[in-house]
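Remarks on the overall topology
The primary structure of each chain is shown beneath.
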Amino acid sequence: MSDDISPLVAQLGLQPHVEGGWFRETWRTGPTATPDGYPGPRAYATGIHYLLHPGERSRWHRVRSDELWLWHGGGPLRLRLGGTGETPEEHTAPLLGMAVADGELPQVLIPAGEWQAAEPAGSEPVLVSCVVAPGFDFADYSEYAGDPA
């Protein structure tokens, strides 16, 4: 494994994520339901580990469900929020981290349908978890086509 890749990638069994960074699903409820407005059944909730190295980013995307980001370690993570229009228009960029006295937040909720992107705000890899409810399904995921890879 490259020296530029955090050992957490191997230790946590992370794989490259389609939107950028590294992830592994860690939890999916057994029970399912078909929520109003969804095209089929979804797990009640899902969870992943997600890691970004400095220089990596999560491209603009949105999901149909609420997504709760929880910071675990490393440097701070900038969450860029872009509204719910046809294209992202950044309006806030909270920092996810543990320096609460400096304005960082240990968790941030991204409302359903909100455009979002993320990138490390420091020089360390960042490990977070994301909990999605109703549970994540790639049928509910869309990426902004105008965001360069």
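Predicted model, so just to flag it, every value in this text is computed and none were measured.

Following the UniProt record, the feature "domain: DUF985" (unreviewed entry) maps to residues 8-141 here. In residues 8-141, helix accounts for 3% and strand for 45%; the two terminal C-alpha atoms are 26 Å from one another.

Two side chains that carry opposite charge are able to pair once their charged atoms sit near each other. Per the stated rule, a full pass over the model turns up 7 salt bridges. Here R64 ties to D140 by a salt bridge, and the two come within 3.0 Å at their closest N and O atoms. Remark: D140 occurs in the loop between β12 (126-133) and β13 (141-143) and R64 occurs in the loop between β6 (58-63) and β7 (66-74); sequence separation between them is 76 residues. Residue R64 is classed as partly exposed on the basis of its relative accessible area of 35%. Taking the shortest distance from any N to any O, the salt bridge between E90 and R80 comes out at 2.8 Å. With E90 in the loop between β8 (77-81) and β9 (95-96) and R80 in strand β8, this residue pair connects regions lying 10 residues apart in the sequence. Look at E90 and you get partly exposed, because its relative accessible area is 43%.

Further remarks concern the packing of aromatic side chains. One pass over the full model with this rule turns up 5 aromatic pairs. Taking 5.9 Å as the distance between ring centres and 90 degrees as the angle between the ring planes, the aromatic pair formed by Y50 and W69 counts as edge-to-face. With Y50 in strand β5 (residues 46-52) and W69 in strand β7, this pair connects stretches of sequence that are 19 residues apart. For the pair shown, Y50 and W69 are each scored as buried. Ring geometry for F136 versus F138: centroids 4.8 Å apart, planes at 85 degrees, classification edge-to-face. Judged by its relative accessible area of 18%, F136 is buried. By way of ring pairs, the aromatic residues F136, F138 and Y141 are connected into one cluster. Its end group placed over the ring of Y38, R64 keeps NZ or CZ at 5.4 Å from the ring centre.

Mapped onto the elements of the fold, H17 is located in the loop between β1 (15-16) and β2 (22-28). A residue is classified by how much of its surface remains accessible, and H17, at 12% relative accessible area, is buried. A distance of 3.1 Å separates the side chain of H17 from the backbone nitrogen of E19, its partner in a polar contact. Those residues in contact with H17 that lie beyond four places of it in its chain are W22, F23 and Y50.

Let us now look at the environment of V9. Among the secondary structure elements, V9 is positioned in helix α1 (residues 8-11). Here the alpha-carbon distance between V9 and H61, two residues 52 residues apart in the chain, equals 23 Å.

Most peptide bonds take the trans configuration, and most residues that are not glycine carry a negative phi. Cis geometry marks the peptide bond from A133 to P134; its omega dihedral reads -15 degrees. Tracing the chain through its elements places P134 in the loop between β12 and β13.

What counts and what doesn't
Residues numbered from 1 in each chain as written. Predicted model: local features only at pLDDT ≥ 70, side-chain atom pairs only at ≥ 80, totals over all residues. Heavy atoms only, no water. UniProt positions renumbered as here; feature names shortened; annotations may be inferred. Helix = DSSP H or I, 4+ residues; strand = E, 2+ residues; numbered from the N terminus. Salt bridge = Lys/Arg side-chain N within 4 Å of Asp/Glu carboxyl O. Buried < 20%, exposed > 50% of the residue type's maximum accessible area, 1.4 Å probe, protein only. Phe/Tyr/Trp six-rings, centres within 6.5 Å; stacked < 30°, edge-to-face > 60°. Lys NZ or Arg CZ within 6 Å of the ring centre and 35° of its normal. Polar contact = N/O pair within 3.5 Å; in protein donor to acceptor, adjacent residues only side chain to side chain. Contact = heavy atoms within 4.5 Å.

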